[in-house]
Amino acid sequence: MVDFTLTEEQQSMREMAHEFAEKEIRPVAWDYDRDGTWPQEIIDKAWELGLMNGHLLTEYGGPGLGHLDGALVEEELSWGCSGIATTLTCNGLACAPIELGGSDRIKKDYLGRLSEAPLLASFCLTEPDAGSDVSGMKTTAVRKGDKWVINGSKCFITNGEYANWYTVYAKTDKGAGHRGISCFIVPRDAGVLVDKHEDKMGQRASNTATITFPEVEVPLDHLIGEENHGFKLAMMTFDVTRPGVAAMATGVARAALEFAVQYSKERVQFGVPIAMHQAIQFMIADMATKVYLARLATWNSASLLDQGRRNTLESSHAKRYAGDIAMEVTTDAVQVFGGYGFIKEYKVEKLMRDAKILQLYEGTAQIQRLVIARETLLPRPAQQPATTKA
Ligand SMILES: Cc1cc2nc3c(=O)[nH]c(=O)nc-3n(C[C@H](O)[C@H](O)[C@H](O)COP(=O)(O)OP(=O)(O)OC[C@H]3O[C@@H](n4cnc5c(N)ncnc54)[C@H](O)[C@@H]3O)c2cc1C
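Please read all numbers here as calculations on a predicted model, not as lab measurements. (Residues numbered from 1 in each chain as written. Predicted model: local features only at pLDDT ≥ 70, side-chain atom pairs only at ≥ 80, totals over all residues. Heavy atoms only, no water.)

## Structural notes on the overall build of the chain
Here is step 1: Assigned secondary structure in the chain consists of ten helices and ten strands.
Here is step 2: Over its C-alpha atoms, taken along the principal directions, the chain stretches across nearly 80 × 45 × 40 Å.
Here is step 3: Here the chain holds 390 residues, and the buried ones make up 53% of them.
Here is step 4: When contacts within the chain are restricted to residue pairs at least 6 apart in sequence, those whose partners lie at least 24 apart make up 77%.
Here is step 5: Accessible surface, the chain: about 17000 Å² in total, of which carbon and sulfur atoms supply 55%.
Here is step 6: Distance from the positive charge centre (41 side chains) to the negative charge centre (51 side chains) of the chain: 5 Å. (Helix = DSSP H or I, 4+ residues; strand = E, 2+ residues; numbered from the N terminus. Buried < 20%, exposed > 50% of the residue type's maximum accessible area, 1.4 Å probe, protein only. Contact = heavy atoms within 4.5 Å. Areas by Shrake-Rupley, 256 points an atom, 1.4 Å probe, with all protein chains shown as cover. Lys, Arg positive; Asp, Glu negative; His and termini not counted. Charge placed at Lys NZ, Arg CZ, Asp CG, Glu CD.)

In structure tokens form, the structure reads like this:
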């Protein structure tokens, strides 16, 4: 049976996240966007309320929420501001490889830290010459005695300047392409350097930095999963995290739709509110359908994970569709506002800038289509073991 009726717990969690977005995020979101302000106060409050790290299992101090629960929270936070939501939810991306492949000791130490204090962690895959094609990465990890020595640089790392620890992908077999990549956990105090703070088009309250690992040493047990299996771990991670990005995109699109609906009822042209013009009504109708379908695809992809089922295809459908419609809906919202939509004083131009990244990070819109094409042309059995939390 297909049933997306939310439980009472899910409804109250969603309401709490919405209230937080309305009272704590929205009032500062446009100022933080203008100034690129780091939202430390919001991080502290969200952590206190349990709106961060919902994915952490109870044995590591977390609430052990499901993936659908997480998607509900992410849509609301992103409705408030997707830049701040990216900051608040990035721990999920950094933790997923550890949850999938880390030892109990590593989980207790590094995941446990996040439940004890409002700390952040970063996921370090991308490099200047290795974006969509991660097999081109140049960062290396070499075993020397009882240590791994990691050497290289990662770019566009969310929360990179503020992270307490990093999930880092590095080549352990240089000649083996994506089959020569391994995953490591690196504490910041191992000697990690922050090189560059990016000035961005949108999501300006999120932090994006270049992070360098100059001959950084970590103990042997900081290898996550098996040696040379890091690429698989990264792909399994994205199955888990893409529903969250899709939820964020749904939140941005919903915010834009709501602003457009309100404005279309207030703005009078040719003697009537512009909402009376059928061209505007049809635009609003299309925006509403897109938000509705993005949420359905998101919830479906998250629910499959909660059922312990493989969701590679569905998470790419959700991420691709929600990311694309967030761009379309925010662009249409600017259109509904007319010339005012182009002016910074009005709220929708920020949403249009914020939406763009949702078609880029955690696999671009083109890479999602590659995954969808592969899964459609060469389908795998739907009931394979889950790629969810270990
Ligand atoms: C704000 C921000 C935050 C980010 N956060 C993180 C993070 O926390 N951790 C992290 O590791 N990375 C992060 N990234 C990196 C992000 O995931 C990459 O930017 C993204 O994967 C694309 O890589 P690229 O920028 O090198 O683009 P490229 O891979 O160079 O792609 C350029 C264009 O070519 C297209 N393209 C590439 N290959 C193909 C193909 N085979 N078929 C069709 N089209 C193709 C792409 O879709 C894109 O349109 C972040 C990026 C940004 C901007």
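## Things to note about unusual backbone geometry
Here is step 1: With a phi close to 45°, Gln203 is a non-glycine residue in the positive phi region.
Here is step 2: Within the secondary structure, Gln203 sits in the loop between strand S6 (193–197) and strand S7 (208–219).
Here is step 3: Gln203 gets classed as buried once you look at its relative accessible area, which sits at 2%.
Here is step 4: One non-glycine residue, Phe270, lies in the positive phi region at around 55°.
Here is step 5: Position of Phe270 relative to the elements: it lies in the loop between strand S9 (268–269) and strand S10 (272–273).

## Describing the packing of aromatic side chains
Here is step 1: Scanning the entire structure with this criterion turns up eleven aromatic pairs.
Here is step 2: Centre to centre, the rings of Tyr263 and Phe337 are 4.1 Å apart; their planes meet at 15°, and the pair counts as stacked. Linking Tyr263 in helix H6 (residues 230–266) with Phe337 in helix H8 (residues 312–337), this pair joins segments that are 74 residues apart in sequence. Here the two residues Tyr263 and Phe337 agree in accessibility, since each one is buried.
Here is step 3: Between Phe337 and Tyr346, the ring centres sit 6.2 Å apart and the planes meet at 70°, which makes this aromatic pair edge-to-face.
Here is step 4: On the accessibility criterion, Phe337 (8% relative accessible area) is buried.
Here is step 5: Residue placement shows Lys350 over the ring face of Trp30; its charged tip is 5.3 Å from the ring centre. (Phe/Tyr/Trp six-rings, centres within 6.5 Å; stacked < 30°, edge-to-face > 60°. Lys NZ or Arg CZ within 6 Å of the ring centre and 35° of its normal.)

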